[in-house]
Amino acid sequence: MIIVTSEQMRSLDQLTIEETGIPGIVLMENAGIHLYNFLEAEFEDLAGKRISIICGKGNNGGDGMVLARQLTIRGYFPEVILLAETSAVTGDAETNLRILENMDVTLVEVTSEEEWFETAEILEENDIVVDAILGTGIDKPLEGLYATVVGDLNALDCYILSVDIPSGIFSDRVSASPLAVEADATVTFTAPKIAHILGRQAACLGELSIVPIGTPDEMLLELEAAGEAPMVLTEDFLSMLPVERSASSYKGSYGHVGIIAGSRGKSGAASLGSTAALRAGSGLVTTFLPEGIQDRVACAIPEIMTEGFPETETGSFSLGAADPAALLAASKDAIGIGPGLTTHAETSEVVYELLRRIKIPAVIDADALNAIAQDTSLLQRENKPPLVLTPHPGEFSRLSGLDRAVILEDPLATAKSFAEKFQVWLVLKDFRTVIASPDGSLWVSPFGNPGMATAGMGDVLTGILTSIMGQYSAAGLLETSRGITEALCLGVGLHGIAGDIASLETGLESLTAGDVIEALPAAYEYLEDTDWA
């Protein structure tokens, strides 16, 4: 499923009109019918509900007018409040307005805050209010009448349905707008917009539904194929990605991965990453550790193999670990490096040496990222293996040199630019995780929850991604950029789905990284039960 900008959506609508012959008014009709169907499914006793539809003068308002007609012809009697003079309504919206006038639908014209104050009292008795005020085209904060209306809507104690996007939200931006309708549900058309998936006002959307109104699937596929739109991870897509388990397979069939992690006081990072790699499906896991914590980790996870390496006086990898670690890593299908390493100068040198010498896929996180931030030329060597960097916004700021606010404002563009420049895969961890490939393609995960903002979650993700990369490598599926990207999509998706499943048991406040690991079997089962065929 692609994510589109408001301009791309306008282009899709226009292409639909020009190439299929479906008139714009039919697209509006389809939108209004879907809005009616949504309300009918949401409320068993819709006939007993008092409904008001607040319409703007544009196409968003036109969608609301179609909904009003659909309700009226079925014996429901909504009130329509138009926030404009009727003479200001044009195009397809005007056609639907004239139909409503001929049907004697209650229509209240509101053109000032004073008129609104007289009307707003009626809404306090409503069961349902439909926000059909503004669509995806706004790019500045609400003011005047619109701001007053939205503020009053948010004070109501009733169900609010927003058409396409809650009025006030900036469709093409991630950053929050100052004021927007706080809806219980949003019905959008054809494809989600940036704010639907990545926006920081997710609570304003309520339940998001995406419905088709006539744009052919081929047009969306063309956008996808051209790499002109980010993709959203879906359950049906992820369900096709796990490596098939053959009855004749053995543990080597599913990859032997290495986890290079840990230091004195941070053995937990190594344990979490290693356990996650096992739970995610690796056949074999070897954990590379400073020798001082080897026994502790080995005893904690009997299923893994461990190797101890020379350590510094502070208990992190010393420079003497570089040669043996590089030699051992060469025999693995993939490695994960970074959790709990510390930023000790010698340990950073070990990271540099490994990156210069390894020839296998590598997932790089935490302190390994901090080391690379000091010398990003390490990412530009010729004939490097697939490198996957997994920063949060702060780490990405250090890597890219961009201000954190710039990254948060446009994670898609900043991640895409970095991945293309350095020819690496970037997994940018945030409210919504972005996967950027060196070929310019972008994927966004809608999975995960606020409870996952806690210690060790990144270590778990490193283990999962390393595991999936190892499984794909052993199966010969990492030979193309697409294969690597799909492995990362599966890993990121599993991590988020497991977090969502675990939170149902623990609640958000008590969710831990270990809970996510324990939920990985349920996450796989969830994908297996998804019927994508």
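Here, every reference points to the structure presented above.
Computed from a predicted structure; not experimentally measured.

Draft legend 1. Focus on the pairing of strand S12 (residues 334-337). The alternating pattern of S12 places Ala334 and Gly336 on one face and Ile335 and Ile337 on the opposite face, and all of these are buried. Sheet topology note: the strand S9 (residues 256-260)/S12 ladder contains 4 bridges and is parallel. Residue pairing for S12: Ile260 is matched across the bridge by Ile337. The pairing of S12 with strand S13 (residues 362-364) spans 3 bridges and is classified as parallel. The residue bridging Ile335 from the neighbouring strand is Ala362, located in S13. With helix H14 (residues 345-357) bridging S12 and its parallel neighbour S13, the resulting β-α-β unit is right-handed.

Draft legend 2. View of the pattern of salt bridges. Enumeration over the complete set of coordinates arrives at 15 salt bridges. Taking the shortest distance from any N to any O, the salt bridge between Lys49 and Asp45 comes out at 3.6 Å. What makes Lys49 partly exposed here is its relative accessible area of 25%. Its salt-bridge partner being Arg279, residue Glu518 comes within 3.5 Å of it at the nearest N-O pair. You can see Glu518 sitting in helix H21 (residues 513-518) and its partner Arg279 sitting in helix H11 (residues 267-279), a full 239 residues away along the chain. Arg279 sits in the partly exposed class, given a relative accessible area of 38%.

Draft legend 3. Structural context of the sheet that holds strand S15 (residues 425-428). Strand order in the open sheet formed by 10 strands is S8-S17-S16-S15-S14-S13-S12-S9-S10-S11, and the pairing between neighbours is mixed. Since the sheet does not close on itself, it has two edges, and those belong to strand S8 (231-232) and strand S11 (305-309), each with one partner. Relative to S11, strand S10 (residues 284-290) runs parallel, the two sharing 5 bridges. Note on S11: the bridge partner recorded for Phe288 is Glu307. Sitting on the sheet, helix H20 (residues 481-506) is in contact with strand S14 (387-389), S15, strand S16 (433-436) and strand S17 (442-445), with an inclination near 15° to S15.

Draft legend 4. Molecular detail of H11. In this model H11 runs 18 Å from its N-terminal to its C-terminal C-alpha over 13 residues, within 8% of the 18 Å that 1.5 Å per residue would give. Those residues of H11 not exposed but buried are Ser267, Ala269, Ala270, Ser271, Gly273, Ser274, Ala276 and Ala277. On the buried face of H11, the contacting elements are S9, S10, helix H12 (294-300), helix H19 (457-474), H21 and helix H22 (520-528). After H11 finishes, the residue Gly281 shows a positive phi value of roughly 120°.

Draft legend 5. How the structure looks around the nonpolar core. Counting residues in each nonpolar core, the largest one holds 66 residues, and the members touching the most others are Leu238, Met469 and Leu488. The element that contributes the greatest number of residues to this core is H20, accounting for 10 residues. Setting aside residues no more than four positions away along its own chain, Leu488 makes contact with Val388, Trp425, Val427, Ile435, Leu465 and Met469. Within the second largest apolar cluster, 51 residues are counted, among which are Ile260, Ile360, Ile372 and Leu442.

Draft legend 6. Spotlight on the environment of Val108. Among the structural elements, Val108 can be located in strand S3 (residues 106-109). When the C-alpha atoms of Val108 and Ala84 are compared, they prove to be 9.7 Å apart, with 24 residues separating the residues in sequence. Excluding anything up to four places from it in sequence, Val108 contacts Glu79, Val80, Ile81, Leu82 and Thr119.

Calculation criteria
Residues numbered from 1 in each chain as written. Predicted model: local features only at pLDDT ≥ 70, side-chain atom pairs only at ≥ 80, totals over all residues. Heavy atoms only, no water. Buried < 20%, exposed > 50% of the residue type's maximum accessible area, 1.4 Å probe, protein only. Helix = DSSP H or I, 4+ residues; strand = E, 2+ residues; numbered from the N terminus. Pairing = 2+ DSSP bridges. Right-handed = clockwise from strand over helix to strand, strands pointing away. Salt bridge = Lys/Arg side-chain N within 4 Å of Asp/Glu carboxyl O. Contact = heavy atoms within 4.5 Å. Axes fitted to C-alpha atoms, helices over the stretch in contact; angles between N-to-C directions. Expected span 1.5 Å × (residues − 1). Core = buried A, V, L, I, M, F, W, Y, C linked by side-chain atoms within 4.5 Å.

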